[in-house]
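Fold and geometry: a report
One-letter residues, chain by chain:
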Amino acid sequence: MDILLFPFSTPVKSEPAAVDKGIFWRIFRNDEIRKCSRSLGDHNNIHQMQHPVVSGFQIALELQKQWKAETFRIRFHYPVYGEEAVYIREKGNTLYGTTQFLCFEAVRQ
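Basis of the calculations
Residues numbered from 1 in each chain as written. Predicted model: local features only at pLDDT ≥ 70, side-chain atom pairs only at ≥ 80, totals over all residues. Heavy atoms only, no water. Buried < 20%, exposed > 50% of the residue type's maximum accessible area, 1.4 Å probe, protein only. Helix = DSSP H or I, 4+ residues; strand = E, 2+ residues; numbered from the N terminus. Pairing = 2+ DSSP bridges. Salt bridge = Lys/Arg side-chain N within 4 Å of Asp/Glu carboxyl O. Phe/Tyr/Trp six-rings, centres within 6.5 Å; stacked < 30°, edge-to-face > 60°. Lys NZ or Arg CZ within 6 Å of the ring centre and 35° of its normal.

1. A closer look at the pairing of strand β5 (residues 94-98)
Among the 5 residues in β5, 5 count as buried, and that is most of the element. The alternating pattern of β5 places Thr-94, Tyr-96 and Thr-98 and Leu-95 and Gly-97 on opposite faces, both of which are buried. Bridging between strand β4 (residues 85-91) and β5 involves 5 bridges; their strand directions are antiparallel. The residue of β5 that forms the bridge with Glu-90 is Leu-95. Between β5 and strand β6 (residues 102-108), which pair antiparallel in sequence order, lie 3 residues.

Given below as structure tokens:
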């Protein structure tokens, strides 16, 4: 599985009237994020604080469970925070993950 990390640019806001957010996918709970991060050996403080950021690896693992592709190429645009609803929109081989912003694009290979 490939994970591409790019510096954050100006967030692309998902306006409900302008962009189809897709279907509700899931909410990553704060305790779940902290536990997964520790189990992966990722002790970065952003995954351990009161309002944690979901690890890219955790997102990749969850995508893999549902969309059993051999390889995903993921590009992150904006962080997914704990307790936020994440929506998935599928277009061809690409999955778009959004909260109020476009957070990631995952291309199935």
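Let's pick the thread back up.
2. Thoughts on the pattern of salt bridges
Two side chains with opposite charge may pair up if their charged atoms get near one another. What the rule picks out here adds up to 6 salt bridges. In this structure, Glu-32 engages Arg-26 in a salt bridge whose closest nitrogen and oxygen atoms are separated by 2.5 Å. Under the relative-accessibility criterion, Glu-32 is labelled partly exposed at 27%. Here Arg-34 ties to Asp-31 by a salt bridge, and the two come within 2.8 Å at their closest N and O atoms. Here Asp-31 and Arg-34 lie together in helix α1 (residues 30-39), a separation of 3 residues that amounts to about one turn.

3. Overview of the packing of aromatic side chains
Following the criterion strictly, the structure yields 6 aromatic pairs and no others. Between Phe-76 and Phe-104, the ring centres sit 6.2 Å apart and the planes meet at 55 degrees, which makes this aromatic pair tilted. Of this pair, Phe-76 sits in strand β3 (residues 72-76) while Phe-104 sits in strand β6, placing them 28 residues apart in sequence. This pair shows no difference in class: Phe-76 is buried, exactly as Phe-104 is. One aromatic cluster is present, built from ring pairs that chain together Trp-25, Phe-28, Trp-67, Phe-76 and Phe-104. Over the ring of Phe-28 we find Arg-26, and its NZ or CZ is 4.0 Å from the ring centre. Above the face of the Tyr-96 ring, Arg-89 is positioned so that its terminal group lies 4.5 Å from the ring centre.

Worth remembering: the numbers are spatial, not functional.
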